[in-house]
Amino acid sequence: MYQPSEMANLMNAMYAYNQQLKAQIVAGKTPTQLPLDLAKLHTAEMTDKNGRTPAWNSFVNVFIASQQTIIDTISNVDLKERYNASINNCLGCHKTECTGPIPKIKKLLIQ
Ligand code: HEC
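All figures in this text were calculated on a predicted structure; none of them were measured in a lab. (Residues numbered from 1 in each chain as written. Predicted model: local features only at pLDDT ≥ 70, side-chain atom pairs only at ≥ 80, totals over all residues. Heavy atoms only, no water.)

(A) Seen up close, the coordination of the iron atom of the ligand. Around the iron atom of the ligand, the donor atoms from the protein are Met11 (SD) and His94 (NE2), and they sit 2.0 to 2.3 Å away. Angles of 86 to 177° at the metal separate the 6 donor atoms of the iron atom of the ligand, which places the site in the octahedral class. Residue Met11 is found in helix 1 (residues 6-26), and its partner His94 is found in helix 3 (residues 79-97); the two are separated by 83 residues along the sequence. By relative accessible area, which is 26% here, Met11 ends up partly exposed. The exposure class of His94 is buried, given its relative accessible area of 10%. (Donors = N, O, S within 2.8 Å, 3.2 Å for Na, K, Ca; no water. Tetrahedral: all angles 85-135°; square planar, octahedral: opposite > 155°, others 65-115°. Helix = DSSP H or I, 4+ residues; strand = E, 2+ residues; numbered from the N terminus. Buried < 20%, exposed > 50% of the residue type's maximum accessible area, 1.4 Å probe, protein only.)

In structure tokens:
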């Protein structure tokens, strides 16, 4: 039976959270909450075939910082731009570390 890794569960929670952010932003709302503990990206156990490669390490903190900019209510940068930049950081890491979910993640971008 398929047993998702701790990292896969975290990734799916990140997906659901960003889907909800997208809906809020499209509806003209200003998100203010980041309920996920993204520091867990540093410790969550991954599927055996994956690991914390140099590419992973180069993306993870940039990604966490970009998720935090979305709920920065005093930022001068357009909200949609901050959100899409963060999704592009998901994609940046996925391009080398886990290509399967890329089409699904692209759907999170706000056109
Ligand atoms: C720093 C690199 C990195 C970043 C950033 C990243 N991912 Fe991932 N993602 C991975 C890796 C590696 C896996 C495979 C996890 C494993 O091996 O257990 C994964 C797995 C997934 C999966 C599949 C989970 C499953 O059920 O198998 C989804 C969906 C996903 N990521 C979505 C996202 C989304 C959405 C974002 C941005 C909000 C994101 N990822 C950001 C590296 C990353």
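(B) Quick peek at the packing of helix 1 against helix 2 (residues 54-70). The geometry of helix 1 relative to helix 2 is characterised by a closest axis approach of 13 Å and an angle of 35° between their N-to-C directions. Seen from above, helix 1 lies across helix 2 with left-handed handedness. Listed contacts from helix 2 to Met7, Met11, Met14, Tyr17, Asn18 and Leu21 of helix 1 are Trp56, Phe63, Gln67 and Ile70. By residue class, the composition of the contact of helix 1 with helix 2 is 8 nonpolar, 2 polar and no charged. (Axes fitted to C-alpha atoms, helices over the stretch in contact; angles between N-to-C directions. Left-handed = near helix turned anticlockwise from the far one by under 90°. Contact = heavy atoms within 4.5 Å. Nonpolar A, V, L, I, M, F, W, Y, C, P; charged D, E, K, R; others polar.)

(C) Spotlight on the site of the ligand. Close contacts around the ligand come from 25 residues, with Ser5, Met11, Cys90, Cys93 and His94 the closest. At 2.5 Å from an oxygen atom of the ligand is found a side-chain nitrogen or oxygen belonging to Ser5. If you map the ligand onto the pockets, it falls in the largest pocket. Partitioning the shell around the ligand into residue classes produces 17 nonpolar, 7 polar and 1 charged. (Near = heavy atom within 4 Å. Polar contact = N/O pair within 3.5 Å; in protein donor to acceptor, adjacent residues only side chain to side chain. 1 Å grid on protein atoms, 1.4 Å probe; cavity = no way out; pocket = protein on both sides within 12 Å on 5 of 7 lines; lining within 4 Å. Sits in = over half its atoms within 2 Å of the grid points.)

(D) Up close: the environment of Val26. Assignment of secondary structure puts Val26 in helix 1. Classification of Val26 as exposed rests on a relative accessible area of 58%. Considered as a pair, Val26 and Thr47 are 21 residues apart in the sequence and their alpha carbons are 34 Å apart.

(E) Focus on the layout of surface pockets. By volume, the largest pocket is sized at about 670 Å³. Around the largest pocket, the lining is made up of 31 residues, and of these Met7, Met11, His94, Cys98 and Pro101 lie nearest the centre. Put simply, the parts of the chain that give the lining of the largest pocket at least two residues each are helix 1, helix 2, helix 3 and helix 4 (102-106). Top contributing element to the lining of the largest pocket by residue count: helix 1, with 8 residues. Residue composition of the lining of the largest pocket, grouped by class: 19 nonpolar, 9 polar and 3 charged. (Points joined across faces, edges and corners; volume = space filled by probe spheres on them.)

(F) Just the state of the cysteines, in detail. A complete count under the given rule lists 0 disulfides for this structure. Left unpaired, Cys98 is separated from the closest cysteine sulfur, that of Cys93, by 8.6 Å. (Disulfide = S-S within 2.5 Å.)

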